[in-house]
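Here is how the chains run, residue by residue.
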Amino acid sequence: MEKGTLVEFKHQGQPRLGVVDRPEGKKNWVVIDERGQSHTLHPREIAYEVVGERYTPADISAFLSEAEGYIDPSSLEVAWEFLTESEESADPVSLAALLFSDQSPPLCYAAHRLLSEDKIYFKQKGDRYEPRPASQVNEIKHQQERETQRQQEWESFMAKARQGLAGEAVAWDKTDRPRIEILERFALLGEESSQRNQAVELLNAMGCAPTAAGAFDTLVAWGLWQPHENLALRRSQIPSQFSEDVLTMVQQRLQSPPPDLDDPQRLDLTHLKVYTVDDASTQEIDDGLSLETLEDGRQRVWIHIADPTRWVVPGDELDLEARRRCTTVYLPTGIIPMFPAELATGPMSLIQGQICCALSFGIVLGEAGDVQDYTIATSLIKPTYRLTYEDVDELLELGITAEPELHDLARWSQVRGQWRVTQGAITINMPESSIKVLEAEDDIVIEVLEDSPARQMVAEMMILAGEVAARYGQTHDLAIPFRSQPQPELPSDEELIQLPTGWVRDSAIRRCMTRSEVGVTPSRHATLGLDSYSQVTSPIRRYLDLLVHFQIKAHLRGDPPPFSSHEVTELAQGASTAAYEATLVERQTKRYWALEYLRRNQKQVWDVMLLRWLREDDGLGLIMVEDLGLELAMRFNRSVILGEQFQVRVSHANPRQDIIRFEEVAVEDVDPSLATPA
């Protein structure tokens, strides 16, 4: 090359023009650009050489101005079509002649720029450029369009993200969902998320903390999640909404109920006084109690169970949806029902004053509490009273004679409970609590459920119905899900005597209990003290109870059971898995709100008792917060004995991280206004 030659080279990735000034060493050249800056270049770094004229750095600006007026990439498509048809290749000189009908240096340089920067129509081969095949051009264009679309979607997403973080309302669309879901999975699974890296990139781009907590906070800031979003529920497979198909079928059933196959055989029991007893908030009323005095003076206990199978056909959309859910999930913030509320709290329930379909168990007990005789029938009943547990406790306590049936039902439940103890039933009396979150004020209410006569009465009658259902299934060789429990290895009498009576002893016994099992073969249930047992009393809320109804009702009609033994086994296995998952979600959600309640009441002083050691060497024990019925871990830095009672307050609580720490409070340090109410 000679001094004054105009050349193109790359500087910081961009094309730049410079004029050759002098050689540098054996191979390199010193080039001066229009700014007067010198660059030492190897010949390989020179991308293009303008031939035929000599230039100075001062000429570069005018040269570029002339050339850039012709650098229009859209003009390449015309050249590509012409050269493809003629099967010719091109170089800057020939392309300048083709496009501009001129081969002046600025226009040849413009042609060079078009060819060298083109990514669509031509590919370089040596010093020339060959037109790409049409199929390849179309694919490249498609890829570029997709990339442009992706870039536009990214920019749109980031704009919305910034708006959301600034507290502005955002209208997300379906193109935003993949990125939102990446953040949701990271918030749910943390480091275990398969898309952790993508989530971190998103959070970094938004200037948010690149952590699972940062993803959670971002989703809350956008208004997509609530500050107390139920992560345990989101991690589960539990559906929280019903599909349109299911809701459509509900309306069809309400307008046109299926034929009642049991209608000719339904026993008219509308003359009986029927008590339904539940919590005040319960809307799915699935059981009621009656007492009938027979001609010989004996009394027959009637346990009426709601008959949702009147509205469901095996294998239909409602049945399949109930199988998928398997159970109603009870959370402090509300329930996730197995059936849509329009049915579950309406025609499926035992509603006061209305004639309702039921599956009724009439049972005559011996004086000791054993089952002397029983009958099972599809029936019609008319619930007389809807009572709460508190209502019943008050009626029983006051001894009101206007409801003698209620008093006799309570008496039979006591007899029944004592009989089960003689059969080896294991009694554990640990406090249970109900936690409710009131949506309007976001208040948390924790209530300890007393083991009252009313609750004992209902529980015993439900167990009794389960024993009778199992007997019926066993007698008639019906494939129904039997629930059993292996005999646990309980602490010896010597070990129990050494423990304080009450909660400490019951906690030690409960720790030894084995999980119940479900199968089509009847077997003993150790805790209940029954040789066979089948849950049958909550068909609106548990699918296996519904399954028992299907099987028993078919047998009562003289029809073959709708489900084979193999099908019942498979359904029982699936339902058990789903029920276990639901139980975990319920426990984790309840614990979250319990910790949140304690966090909000950190100054409160609580009476607690040490139940048992979790790791005695580490000073980690399990305490009972007496007025809340909550069992939580606490670390001690002093010697404590089982059953010891003392006072604590919360030193730190973080429900989202599942952290709770207590500190012991000396009696003299307790502010009376913050002490646990007596």
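For the structure, see preceding data.
Residues numbered from 1 in each chain as written. Predicted model: local features only at pLDDT ≥ 70, side-chain atom pairs only at ≥ 80, totals over all residues. Heavy atoms only, no water.

Honestly, the sheet that holds strand β25 (residues 659–664) in this entry has me stumped. Any pointers?
Strands pair in a sheet through their backbones, by hydrogen bonds, and they do so in one of two ways: parallel or antiparallel. Taken in spatial order, the five strands make up an open sheet running β23-β22-β21-β24-β25, and their pairing is antiparallel. Sheet topology places β23 (630–635) and β25 at the edges, where each strand pairs with a single neighbour. Going from strand to strand, the sheet's axes swing by 45° on average, the running direction of each strand aside. Pairing geometry for strand β21 (residues 606–615) and strand β24 (residues 645–654), over four bridges, is antiparallel. Residue pairing for β24: D607 is matched across the bridge by Q647. Helix-sheet contacts for helix α17 (residues 503–511) involve β21, β22 (620–625) and β23, and the interaxial angle to β21 is about 35°. Along the sheet face, helix α19 (residues 565–600) touches β21, β23, β24 and β25 and points at about 45° away from the line of β25. (Pairing = 2+ DSSP bridges. Helix = DSSP H or I, 4+ residues; strand = E, 2+ residues; numbered from the N terminus. Axes fitted to C-alpha atoms, helices over the stretch in contact; angles between N-to-C directions. Contact = heavy atoms within 4.5 Å.)

Would you mind showing me how to read the packing of helix α6 (residues 177–189) against helix α7 (residues 196–206) here?
Angle between the axes and distance between the axes are the two parameters that describe a pair of packed helices. Where α6 contacts α7, the axes come no closer than 9 Å and their chain directions differ by 110°. Overall, the two elements α6 and α7 adopt an arrangement that is roughly perpendicular. On the side of α6, the interface is formed by R179, I182, L183 and F186, while α7 contributes R196, Q198, A199, V200, L202, L203 and M206. Across the contact of α6 with α7, the residue classes tally to eight nonpolar, one polar and two charged. (Parallel < 35°, antiparallel > 145°, perpendicular 65-115°, else oblique. Nonpolar A, V, L, I, M, F, W, Y, C, P; charged D, E, K, R; others polar.)

Teacher, can you tell me more about a negative patch on the surface here?
On the surface, E390, E432, E447, E450 and D451 cluster together into a patch of negative charge. By the element assignment, D451 lies in the loop between β18 (443–449) and α15 (453–475). Its relative accessible area of 47% is what places D451 among the partly exposed residues. (Patch = residues over 30% accessible without salt bridge, like charges linked within 9 Å, V, L, I, M, F, W, Y side chains within 5 Å. Areas by Shrake-Rupley, 256 points an atom, 1.4 Å probe, with all protein chains shown as cover. Salt bridge = Lys/Arg side-chain N within 4 Å of Asp/Glu carboxyl O. Lys, Arg positive; Asp, Glu negative; His and termini not counted. Charge placed at Lys NZ, Arg CZ, Asp CG, Glu CD. Buried < 20%, exposed > 50% of the residue type's maximum accessible area, 1.4 Å probe, protein only.)

Would you mind showing me how to read empty space enclosed by the protein here?
Empty pockets left among the atoms are what a rolling probe the size of a water molecule brings to light. What the rule picks out here adds up to one cavity of 30 Å³ or more. Surrounding the largest cavity, P481, R483, V518, S534, Q535, L544 and D545 form its lining. (1 Å grid on protein atoms, 1.4 Å probe; cavity = no way out; pocket = protein on both sides within 12 Å on 5 of 7 lines; lining within 4 Å. Points joined across faces, edges and corners; volume = space filled by probe spheres on them.)

So what exactly am I meant to see when it comes to the side chain of S507 here?
Mapped onto the secondary structure, S507 falls in helix α17. If sequence neighbours within four positions are ignored, S507 has contacts with M430, L611 and R612.

So what exactly am I meant to see when it comes to the pattern of salt bridges here?
As a working rule, side chains carrying opposite charge can pair if their charged atoms are close by. Scanning the model with the defined rule gives 46 salt bridges in all. Among the salt bridges present, the one from R16 reaches D33, with a minimum N-O distance of 3.1 Å. Of this pair, R16 sits in strand β2 (residues 14–24) while D33 is found in strand β3 (residues 28–33), placing the two residues 17 residues apart along the sequence. Residue R16 shares its accessibility class with D33, and that shared class is buried.

Any functional reading would require information beyond the geometric quantities listed.
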